[in-house]
Amino acid sequence: MWSAHSKLILLSLVLSSNLRTSLAFRHALPSLAKQQLAHEIDSHHEYKHLRQSSHRHHGTQLMQSRVHKDSNLRLYGSSSPSSSKFDRSVIPQVFPQRWVQLAYLSILALLSDWICFSVAAVPDQYETAFAGHSAASLIDIFLFTNVATCFLVTDLVAKIGLQKAIQGAAVVMMVGCWLRSGISFLPMIPGAEHLMSYPFVVIGTILVGAAQPFFQCTPPLLSAQWFAASERATSTAVALNFNQIGIATAFLVGGTMAQSRSGLENYFGLIAILCTITTIGTLLQFQAKPPVPPSTSELEKVIQGKKEPPFLESAQKFLSTPGFKQPLAAFVCSISITNIVGAFIDEVLERGGMTNQFHIDLAGAGFEMAILIGGILIGGYVDKTKEFKKVTLICLGMTAFFVIPLGLTEHAIGKEPVLLILALLGLGMAAGPVQPINAELAVDVTYPSDETAVESVQQIFGNLVSALLVPVAEFASTRDYQLLPNVPWAASDIRGDVVLLLVIAMATSSYFSLFNAPLQRSEADEAVDEDEQGPRLGASEDGLTQVLQIEQEFEKGPTGR
């Protein structure tokens with residue numbers, strides 16, 4: 001805005017035709033304009049200095065400007081959200097550290113599921129080493145511990161923060177790995193190699209099972225605290241589906257290494273060493289939160305300072321929130337189908353004509369990889385479009401389509417291993433993304449709720465329903481249903497477990513089509529008033545540009561404007 005003095009000078013120029021007055025104004029106007037904007041330019045320099053200083057000090061003074069100079073501002077990353085003080089002049093931004101955070105959480109999830117299914121590929125060797133105990137029972141111990149801990153993870157993360165929770169869980173998992181492996185496999189330890197006794201293996205498995213929910217239930221929270229609105233579904237897909245790579249690793253590495261008692265010990269030892277390396281990196285590099293929130297919705301949530309109720313109260317609230325049950329059903333459908341197919345993949349592939357165990361392991365690994373890749377690609381599309389409902393319905397429809405070839409045998413054609421592999425990969429690409437997409441959708445419709453609480457509810461329901469469906473699917477797999485037996489060219493049969501999965505996918509798709517709830521977090525991200533974005537560099541630059549333009553125009557002389 002022009003001062004009263006500058007307005008008088010402008011008026012005198014309009015009323016006077018004297019060239020001398022005009023020439024005097026030529027020199028006075030830029031000077032006055034510069035004086036008028038001097039304090040903004042100083043603030044611009046101060047802002048640049050603080051940004052440069054923030055990079056030198058890891059962002060501890062980032063975005064602090066004259067609007068914050070006299071306020072008691074504590075940055076987002078310096079304390080818990082409830083104790084941070086922000087106003088809407090802070091500009092959300094992202095930091096490269098977010099990829100380090102995502103990498104550690106994903107690797108920890110990979111290791112936890114690798115440990116869970118570590119002996120799934122070698123059940124005979126395990127049962128020989130530990131007589132009277134099955135590999136399936138060890139997995140059951142792990143999964144039941146996992147479900148129990150899911151009830152605790154939300155309140156613990158809310159109390160001590162994501163950084164301490166992840167670091168503590170990593171240490172617990174590492175201790176569990178060493179209890180399972182022992183140290184006799186190390187070359188510097190004298191004496192013969194030997195496996196740890198069964199009680200130590202069970203205790204170690206319980207510890208790892210207790211740690212896993214901290215890696216499975218926190219991806220939406222990590223995405224909210226570190227990633228921009230256009231990246232959240234992708235980052236959640238990576239962290240949430242990376243455990244599938246752990247299952248694939250269990251089949252490939254376990255099936256190769258654990259072919260004897262000593263091989264089983266070395267296999268457990270390898271896992272313990274890799275877990276120790278990852279834990280050390282987590283303790284050194286995993287951070288709490290970035291200096292400022294990465295999105296407008298997260299900034300608004302911090303400003304509101306709402307304290308979340310205990311987990312059980314949150315769960316009850318979610319189940320009564322319009323639009324929450326549909327993504328919950330989709331999440332449960334996806335995790336159930338992928339778990340059941342993974343559990344019976346040997347039978348599925350053998351029925352389709354594959355008998356080589358190594359090829360079966362490779363196909364299983366390809367299925368798990370397809371889940372991850374599909375989550376990244378389709379999650380990226382959802383990040384850009386926010387088409388949660390449309391994409392989920394398409395994925396559920398494709399899931400139903402790709403399930404059919406896994407149990408359908410066309411008598412005129414016979415067994416087709418290539419078709420079976422393509423269907424398996426397609427199923428992974430279609431069913432896998434449904435989990436992270438609907439984890440983000442559930443967080444979106446319940447905003448500003450606790451992201452960890454939302455994901456904990458989904459994991460509890462998903463794991464419980466999966467556990468209940470596995471024996472049902474196992475029974476159904478023994479049933480074959482004939483289709484058009486009197487039509488030679490179309491006669492076929494389909495397995496009962498595939499019929500079960502097909503019904504689940506179609507029923508979930510029908511129920512999910514009823515979804516009709518506002519995307520509250522997405523709306524908060526989009527509802528950004530430009531006047532509330534705080535100290536913007538562009539404002540000072542625009543003002544300085546206007547002054548320079550005016551000065552250049554008057555430098556042209558009397559013939560100028």
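Residues numbered from 1 in each chain as written. Predicted model: local features only at pLDDT ≥ 70, side-chain atom pairs only at ≥ 80, totals over all residues. Heavy atoms only, no water.

Quick word on the overall build of the protein
In terms of regular secondary structure, the protein is built from 23 helices and three strands. A total of about 25500 Å² of accessible surface is found on the protein, and carbon and sulfur atoms cover 63% of it. (Helix = DSSP H or I, 4+ residues; strand = E, 2+ residues; numbered from the N terminus. Areas by Shrake-Rupley, 256 points an atom, 1.4 Å probe, with all protein chains shown as cover.)

Focus: unusual backbone geometry
Residue Pro448 follows Tyr447 across a cis peptide bond; omega there is 5°. When you line up the elements, Pro448 lands in the loop between helix H19 (434-446) and helix H20 (451-476). Although it is not a glycine, Lys386 sits at a positive phi angle of roughly 60°. Position of Lys386 among the secondary structure elements: in the loop between helix H16 (357-385) and helix H17 (388-403).

Remarks on the packing of aromatic side chains
Per the counting criterion, the structure on display carries 10 aromatic pairs. Members of the aromatic cluster, connected to one another through ring pairs, are Trp114, Tyr267 and Phe268. Above the ring of Phe268, the side-chain terminus of Arg180 is found at 4.7 Å from the ring centroid. (Phe/Tyr/Trp six-rings, centres within 6.5 Å; stacked < 30°, edge-to-face > 60°. Lys NZ or Arg CZ within 6 Å of the ring centre and 35° of its normal.)

So, the environment of Cys395
With respect to the secondary-structure elements, Cys395 resides in helix H17. Between the alpha carbons of Cys395 and Met429 there is a distance of 8.5 Å; along the sequence they are 34 residues apart. Among residues more than four places away in sequence, those in contact with Cys395 are Ile378, Ala430 and Val434. (Contact = heavy atoms within 4.5 Å.)

Here we look at the packing of helix H6 (residues 162-181) against helix H7 (residues 198-211)
Interaxial distance between H6 and H7 falls to 7 Å at its minimum, and their mutual angle equals 160°. It follows that H6 is roughly antiparallel to H7 by the angle criterion. For the crossing formed where H6 meets H7, the hand is left-handed. For the pair formed by H6 and H7, the contact residues are Ala169, Val172, Met173, Val175, Gly176, Cys177, Leu179 and Arg180 on the first element and Phe200, Val201, Ile203, Gly204, Thr205, Leu207, Val208 and Ala211 on the second. (Axes fitted to C-alpha atoms, helices over the stretch in contact; angles between N-to-C directions. Parallel < 35°, antiparallel > 145°, perpendicular 65-115°, else oblique. Left-handed = near helix turned anticlockwise from the far one by under 90°.)

Things to note about the pattern of salt bridges
Scanning the entire structure with this criterion turns up six salt bridges. Close ionic contact of Glu231 with Arg98 constitutes a salt bridge, the shortest N to O distance being 3.0 Å. Of the two residues, Glu231 sits in the loop between helix H9 (219-226) and helix H10 (232-257) while Arg98 sits in helix H3 (residues 97-116), which places them 133 residues apart along the sequence. For the pair Glu231 and Arg98, one class covers both residues: buried. Between Lys301 and Glu451 there is a salt bridge; the shortest N-O distance is 3.0 Å. Taken as a pair, Lys301 in helix H12 (residues 296-304) and Glu451 in helix H20 lie far apart in primary sequence, 150 residues in all. (Salt bridge = Lys/Arg side-chain N within 4 Å of Asp/Glu carboxyl O. Buried < 20%, exposed > 50% of the residue type's maximum accessible area, 1.4 Å probe, protein only.)

A look at a nonpolar patch on the surface
Judged by side-chain polarity, Val171, Val175, Ile280, Leu283 and Leu284 come together as a nonpolar surface patch covering roughly 440 Å² of accessible area. Among the secondary structure elements, those contributing two or more residues to the nonpolar patch are H6 and helix H11 (261-285). Checked against the element boundaries, Val171 lands in helix H6. (Patch = residues over 30% accessible without salt bridge, like charges linked within 9 Å, V, L, I, M, F, W, Y side chains within 5 Å.)

A short note on the confidence of the model for the protein
With 76% of its residues at a pLDDT of 70 or more, the protein has an overall mean of 80. Predicted confidence for residues 79-84 stays below pLDDT 50, and this span has 10 contacts to residues more than four positions away or in other chains. In the predicted structure, residues 529-551 sits below a pLDDT of 50 and forms 34 contacts with residues beyond four places in sequence or in another chain. (pLDDT = per-residue confidence, 0-100.)

Observations regarding H10
For H10, built from 26 residues, the straight-helix expectation of 38 Å at 1.5 Å per residue is met to within 8% by its first-to-last C-alpha distance of 37 Å. Along H10, the sharpest kink reaches roughly 30°, centred on Asn241. (Expected span 1.5 Å × (residues − 1). Bend = angle between axes of the 7 residues up to and from the residue.)

Quick word on the packing of H17 against helix H18 (residues 417-431)
In contact at an axis separation of 8 Å, H17 and H18 are set at 160° when each is read in the N-to-C sense. Accordingly, the angle class assigned to the pair H17 and H18 is roughly antiparallel. Along this stretch, H17 crosses H18, giving a crossing that reads as left-handed. Side by side, H17 and H18 meet where Cys395, Met398, Thr399, Phe402 and Val403 of the first sit next to Ala423, Gly426, Leu427, Ala430 and Ala431 of the second. Taken together, the residues that form the contact of H17 with H18 break down as eight nonpolar, two polar and no charged. (Nonpolar A, V, L, I, M, F, W, Y, C, P; charged D, E, K, R; others polar.)

Quick look at the side chain of Glu368
Considering the arrangement of structural elements, one finds Glu368 in helix H16. The side chain of Glu368 is buried and forms no salt bridge, while Arg495, the nearest opposite charge, is found at 15 Å. When residues no more than four places from it in sequence are discounted, the contact partners of Glu368 are Gln244, Ile245, Ile247 and Ala248. (Lys, Arg positive; Asp, Glu negative; His and termini not counted.)

Here's the deal with the environment of Val499
Along the chain, the position of Val499 falls in helix H21 (residues 496-512). Taking the C-alpha atoms as reference, Val499 lies 8.4 Å from Ala476; in sequence the two are 23 residues apart.

Some details on the nonpolar core
Burial of nonpolar side chains together is a common tendency in soluble globular proteins. Ranked by size, the top nonpolar core spans 68 residues in total, and within it Met173, Phe215 and Leu264 carry the most contacts. Ignoring any residue separated from it by four or fewer positions in sequence, one finds Met173 in contact with Leu108, Leu111, Ser112, Ile115, Val208, Ala211, Phe215 and Cys275. Counting residues in each nonpolar core, the second largest holds 46 residues, with Ile340, Leu349, Ile360 and Val445 among its members. (Core = buried A, V, L, I, M, F, W, Y, C linked by side-chain atoms within 4.5 Å.)

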